[in-house]
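Descriptive analysis of the structure
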Amino acid sequence: MKPHVLIVGAGIIGAAIAHRLAPQARVTVIEAAFAAAGASGKSFGWINASFFANPTHHRLRAEAIAAYHRFGAITDNVQWSGTLWWEETGAAFDAMAVSLRDLAYPVREIARPAFRALEPRIATPPARALHFAAEGAVDPAALTARLLAAAADHGAQLWSGTGITGFAVSDAGVIGVLTEQGPVFADHVILATGAATQSLLDPLGVNLPMLRRPAVLLRTQRLPPVIHHILVGPDGELRQDAEGHLLTPAALSHQSDTSDRLVATLGALADEGISRVAALFPDLDLRWTAVTVAARPMPADGLPAVGQVTPGLTVAVMHSGVTLAALMGELVAAEVMGQGPSPWLSPYRPDRFA
């Protein structure tokens, strides 16, 4: 009989794990709201390894990009557009280029004429930029739905609108979860619950401190094709989705933003953000049409926290979940199914916070 694995959280990480586990196990996904209701449904969607904390973290992210290509047709809606980066200038620009080349990451420097050829709508092209050809973007909510549908094809079940209130525990460890309707038992439980993870672990005495990192994303009206790459400049990050909306985080340097609270209303932040975008395209009549805020799932040191925290219970929480989802699906599924610890995950075990 196949083992029963219960995944709490139907964001992109929980969905990727369910997709990989479903052919091997009986999978139940429990979600307090609906699929991609949290950060996964409010994410910029950038898949990259140009943002990293250290060389080991970079290699994890680069392998995660490779894992997306191993996904096959299920990720054929990823836009592998590449990134144009000119967030820094001078010595900081040079240091970024050198660090990525030393890590064997695909990067090339382009001058203003080449930038203008690639992105002719930008009013003031930078003197130089870095092109990261391997990077892309995806609608995380749409990908989450695809992954859950593929898991369902192998028998996985999704329970939406019911959260967990605790864990069923025996002398052997965690044996299931508690819901308002009663206990649900399983051979293994996986928490893919993002920013809520620490509060769920508190009754077990497991320490996994999470940072408070709200992120605001705004969206414009639909437009004909305006840009062709993910753009990362001193005025923030910008991309155009498949429906024509321009997407941009309200915070500058969104990937490394350390703000723990919002300093203005969502509307004010969106107004400020759209003014920065409009400066790039003075010939366009831009307006924002939607703005969202999400709690980014970020462990205290900013790095992923993945692995068993007590017998029967595994956690998988990280930023950026969009970049790492495909790889985490592979690695967590393999470990839960008893295929041994993954060297990729050894620097990111939750017990580093014990």
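Just above, that's the structure.
Per chain, residue numbering runs from 1 following the sequence as it is written. Totals for whole chains, interfaces and linings use every residue, but because this is a predicted model, local features are given only for residues with pLDDT of at least 70 and side-chain atom pairs only at 80 or more, for both listing and counting. The side-chain values count all of the structure's non-hydrogen atoms but skip hydrogen atoms and water molecules.

**Side note on the packing of aromatic side chains**
Here is the rule: rings of Phe, Tyr and Trp (six-membered ring for Trp) pair when centre to centre is within 6.5 Å. Planes less than 30 degrees apart are stacked, more than 60 are edge-to-face, and the remainder are tilted. Inspection of the entire model under this criterion finds five aromatic pairs. An angle of 50 degrees between the planes, with centres 6.1 Å apart, marks the rings of Tyr 105 and Phe 132 as tilted. Here Phe 132 lies in strand E6 (residues 128–132) and Tyr 105 lies in the loop between helix H3 (90–102) and strand E5 (108–111), a separation of 27 residues in the sequence. The classification of residues rests on relative accessible area computed with a 1.4 Å probe and restricted to protein chains. Under 20% of the type maximum is buried, over 50% is exposed, and intermediate values are partly exposed. Note on Phe 132: relative accessible area 0%, which makes it buried. Taken together, the ring pairs in this structure connect Tyr 68, Phe 71 and Trp 80 into an aromatic cluster. Sitting over the face of the ring of Phe 44, Arg 239 holds its NZ or CZ atom 5.8 Å from the ring centroid. Helix numbers and strand numbers start at the N terminus; a helix is a DSSP run of H or I with at least 4 residues, a strand a run of E with at least 2. For a Lys NZ or an Arg CZ to count as sitting over a ring, it must be within 6 Å of the ring centre and within 35 degrees of the ring normal.

**A closer look at the packing of helix H2 (residues 55–71) against helix H8 (residues 321–336)**
It is at 7 Å that the axes of H2 and H8 come closest, and there the two elements cross at 70 degrees. Taken together, the axes of H2 and H8 are roughly perpendicular relative to one another. Residue-level contacts link Leu 60, Arg 61, Glu 63, Ala 64, Ala 67, Tyr 68, Arg 70 and Phe 71 of H2 to Val 322, Thr 323, Leu 324, Ala 325, Ala 326, Leu 327, Met 328 and Glu 330 of H8. A fitted line through C-alpha atoms serves as each axis, taken over the contacting stretch for helices, and the angle formed by two N-to-C directions is quoted from 0 to 180°. When an angle is under 35 degrees it counts as roughly parallel; over 145 it counts as roughly antiparallel; between 65 and 115 it counts as roughly perpendicular; any other value is oblique. In what follows, residue pairs with any heavy atoms lying within 4.5 Å of each other are defined as contacts.

**As for the sheet that holds strand E11 (residues 182–185)**
If you trace the three strands from one edge of the open sheet to the other, you get E9-E10-E11, paired in antiparallel fashion. Lying at the two open borders of the sheet, with one neighbouring strand each, are strand E9 (164–170) and E11. The average angle at which neighbouring strand axes cross in this sheet is 35 degrees, direction not considered. By the bridge criterion, four bridges tie strand E10 (residues 173–179) to E11 in an arrangement that is antiparallel. Across the sheet, Leu 178 pairs through a bridge with Pro 183, a residue of E11. We call two strands paired when DSSP finds no fewer than two bridges between them.

**A short note on the packing of helix H1 (residues 12–21) against H8**
The contact between H1 and H8 brings their axes to 8 Å, and the two run at 35 degrees. Between H1 and H8 lies a crossing whose hand is right-handed. When H1 is examined against H8, the residues Ile 12, Ile 13, Ala 16, Ile 17, Arg 20 and Leu 21 are found in contact with a partner set consisting of Gly 321, Val 322, Ala 325, Met 328, Gly 329, Glu 330, Val 332 and Ala 333. Looking at the contact of H1 with H8, its residues break down into 10 nonpolar, two polar and two charged. By convention, the crossing between two helices is left-handed when the near helix turns anticlockwise from the far helix through less than a right angle, and right-handed when the turn is clockwise. Polarity classes work like this: nonpolar for Ala, Val, Leu, Ile, Met, Phe, Trp, Tyr, Cys and Pro, charged for Asp, Glu, Lys and Arg, and polar for all others, with Gly in that last group.

**Some words on the environment of Glu 119**
Among the structural elements, Glu 119 can be located in the loop between helix H4 (112–118) and E6. Separated by 146 residues in the primary sequence, Glu 119 and Thr 265 have C-alpha atoms spaced 32 Å apart. Once residues within four sequence positions are removed from consideration, Glu 119 is found in contact with Leu 84, Val 226, Ile 227, His 228, His 229 and Leu 231. Only 2.7 Å separates the side chain of Glu 119 from the side chain of His 229, close enough to count as a polar contact. Contacts described as polar in this section are N or O atom pairs within 3.5 Å, which, within protein, must combine one atom able to donate a hydrogen with one able to accept it, while residues neighboring in sequence count only if both atoms come from side chains.

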